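Analysis of the macromolecular model
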Amino acid sequence: MDAGEVNGGRPRGKGIPGVPVAAGLWLAPLRGVTIRAFRETFAPEILSADFCGMVAPFIPANPGIRVGDRLLADLQPFGRHSPSLVPQVITRHPDAMRELLKGLKDRGFARVDLNAGCPFPMVVRRGRGSGLLRTPDMLDRLLEAGCDEMGAGCFSLKTRLGFERPDELLGLMPILNRYPLAAVTVHARTARQMYEGACDMRAFAAVCAASANPVIYNGDVRLDGVNGVGIPNGLKALKGVMVGRGFIRALGAMEGSTVRLHEYVARSQAELRGDRPVLGRMKELLSYWAESSPHWHSLWPAVKICRTVDELLSL
Ligand SMILES: Cc1cc2nc3c(=O)[nH]c(=O)nc-3n(C[C@H](O)[C@H](O)[C@H](O)COP(=O)(O)O)c2cc1C
């Protein structure tokens, strides 16, 4: 199967060499990375890649806590041609989630995603993110509340193959299949694996076969070939592919990355106070670029020890 089959045979993008395109190619949420300033700075590359949509990094929904304007401001699209932006919520509180969904609907968002994949211990300990894979009743209640509040086909789930084992999501499919979800995005790893180790294509194919909802594949997709990861042939429920780090890395390897970095700094300086948060943001991005570009790789040791933005920009 080539990229054309995954993407419905639409033509290829032109911006980043070899980017496979179109219907079905999603930009993954990466907290602290694929934020508004990033999406605005790299809008030309996002448009060239022809993403059909982007899921925004998660917003927590907790009882009694109003979501601040700053979090909501991060949900701005970058222009008329921006791919649709889907907000994502992380929670274990169905009522608090309903409140947040109402607010998002009022602001014009037609679809919202639920995070059931975040593997970080602090999140999991609170029963959120991939912790939901260990509390099927709570997952069930959240899916019920989400579909009820947003309507059929307007609520989606992003999750993993399991918490400890890659067959756990398969065991939860009878719950997921009761709801008319817009999509189930599956990062083909367990939470235990975090972001490393092999993606499990057999377990992913089994989930796909069992799903009544459209499935989006996620995990190690590279922009020089969607199927570089070896997605099996003939998965009927497979409706899309989501890419995160592969897209970020490709940006570092493109011509003009330095100019874009300077733009990203300027946007971030306008938004944040002081050098420290701006530097943190840049270092996070450059840690990916150091993996994909010899230029950024050679600068990385110097980048790591930069203490001011001016120092970084003078490298
Ligand atoms: C720094 C970082 C932040 C992330 N933030 C989120 C998030 O807010 N919501 C979410 O569902 N997944 C999040 N993820 C997971 C990614 O969306 C994606 O599932 C994962 O990176 C695997 O896809 P990739 O190999 O294409 O990057 C994050 C991953 C990383 C590395």
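Fair warning: this is a prediction, and the values are worked out from it, not measured in the lab.

Another aspect to go through is the domain arrangement of the chain. When the domains of the chain are assigned, the result is domain 1 (3-252) and domain 2 (255-313). Inter-centroid distance (C-alpha atoms) of domain 1 to domain 2 is 27 Å. The interface is formed by 13 residues belonging to domain 1 together with 16 residues belonging to domain 2. Elements supplying a minimum of two residues to the side of domain 1 that touches domain 2: helix H2 (36-41) and helix H10 (245-253). The residue makeup of the side of domain 1 that touches domain 2, split by class, is seven nonpolar, three polar and three charged.

Bringing the site of the ligand into the picture now. Around the ligand sit 22 residues, and of these Ala-28, Arg-31, Pro-57, Gly-244 and Arg-245 come closest. Of all the secondary structure elements, the ones that give two or more residues to the shell around the ligand are strand S2 (53-60) and H10. When its residues are assigned to classes, the shell around the ligand shows nine nonpolar, nine polar and four charged.

For the rest of this paragraph, the subject is the sheet that holds strand S4 (residues 112-116). The parallel closed barrel is built from eight strands, whose spatial order is S1-S2-S3-S4-S5-S6-S7-S8. Between one strand and the next, the sheet's axes are offset by a mean angle of 30°, whatever the strand orientation. Pairing of strand S1 (residues 25-27) with strand S8 (residues 238-243) involves three bridges; the strand directions are parallel. Counted as the bridge partner of Leu-27 is Val-243 from S8. In the packing of helix H5 (residues 94-106) onto the sheet, contacts are made with S2, strand S3 (84-90) and S4, and the angle to S3 comes to roughly 160°. Against the sheet, helix H8 (residues 168-176) engages strand S5 (155-162) and strand S6 (184-190), with an angle of about 155° to S5.

Among the five residues that make up S4, five are buried, leaving the element largely enclosed by the rest of the structure. Here S4 shows two buried faces, one formed by Val-112, Leu-114 and Ala-116 and the other by Asp-113 and Asn-115. Relative to S4, S3 is paired through two bridges, and the arrangement is parallel. When the bridges of S4 are listed, Gln-88 appears paired with Asp-113. Taken together, S3, H5 and S4 form a β-α-β motif whose crossover is right-handed. Across five bridges, S4 lies against S5 in parallel orientation. Of the residues in S5, the one forming a bridge with Ala-116 is Thr-159.

Relative orientation of the contacting elements helix H11 (residues 257-271) and helix H12 (residues 275-292) amounts to 155°, with a least axis distance of 10 Å. One element, H11, and the other, H12, form an angle in the roughly antiparallel class. With respect to the hand of their crossing, H11 and H12 are arranged in right-handed fashion. Residues Ser-257, Leu-261, Val-265, Ser-268 and Gln-269 of H11 form the contact with H12, whose participating residues are Val-278, Arg-281, Met-282 and Trp-289. Considering only residue class, the contact of H11 with H12 consists of five nonpolar, three polar and one charged.

Of all seven residues making up S6, seven are buried, and the element is well covered by its neighbours. One ladder, built from five bridges, connects S5 with S6; its direction is parallel. Bridged to Gly-162 within S6 is Thr-190. For the segment spanning S5, H8 and S6, crossover handedness is right-handed. Following the chain from S6 across helix H9 (residues 201-210) to the adjacent parallel strand S7 (residues 215-218), one finds a crossover that is right-handed.

Unlike most non-glycine residues, Asp-50 shows phi in positive territory, near 60°. Among the structural elements, Asp-50 can be located in the loop between helix H3 (43-49) and S2. On the basis of neighbour count, Asp-50 is assigned to the buried category, with 20 C-beta atoms found within 10 Å. For Asp-220, which is not a glycine, the phi torsion comes out positive at approximately 65°. By the secondary structure assignment, Asp-220 is in the loop between S7 and S8. When the 19 C-beta atoms within 10 Å are taken as the criterion, Asp-220 is described as partly exposed.

Conventions adopted
Residues numbered from 1 in each chain as written. Predicted model: local features only at pLDDT ≥ 70, side-chain atom pairs only at ≥ 80, totals over all residues. Domains from an automatic or database assignment. Contact = placed C-beta atoms within 7 Å. Helix = DSSP H or I, 4+ residues; strand = E, 2+ residues; numbered from the N terminus. Nonpolar A, V, L, I, M, F, W, Y, C, P; charged D, E, K, R; others polar. Near = placed C-beta within 6 Å. Pairing = 2+ DSSP bridges. Axes fitted to C-alpha atoms, helices over the stretch in contact; angles between N-to-C directions. Buried ≥ 20, exposed ≤ 12 C-beta atoms within 10 Å, placed from the backbone. Right-handed = clockwise from strand over helix to strand, strands pointing away. Parallel < 35°, antiparallel > 145°, perpendicular 65-115°, else oblique. Left-handed = near helix turned anticlockwise from the far one by under 90°.

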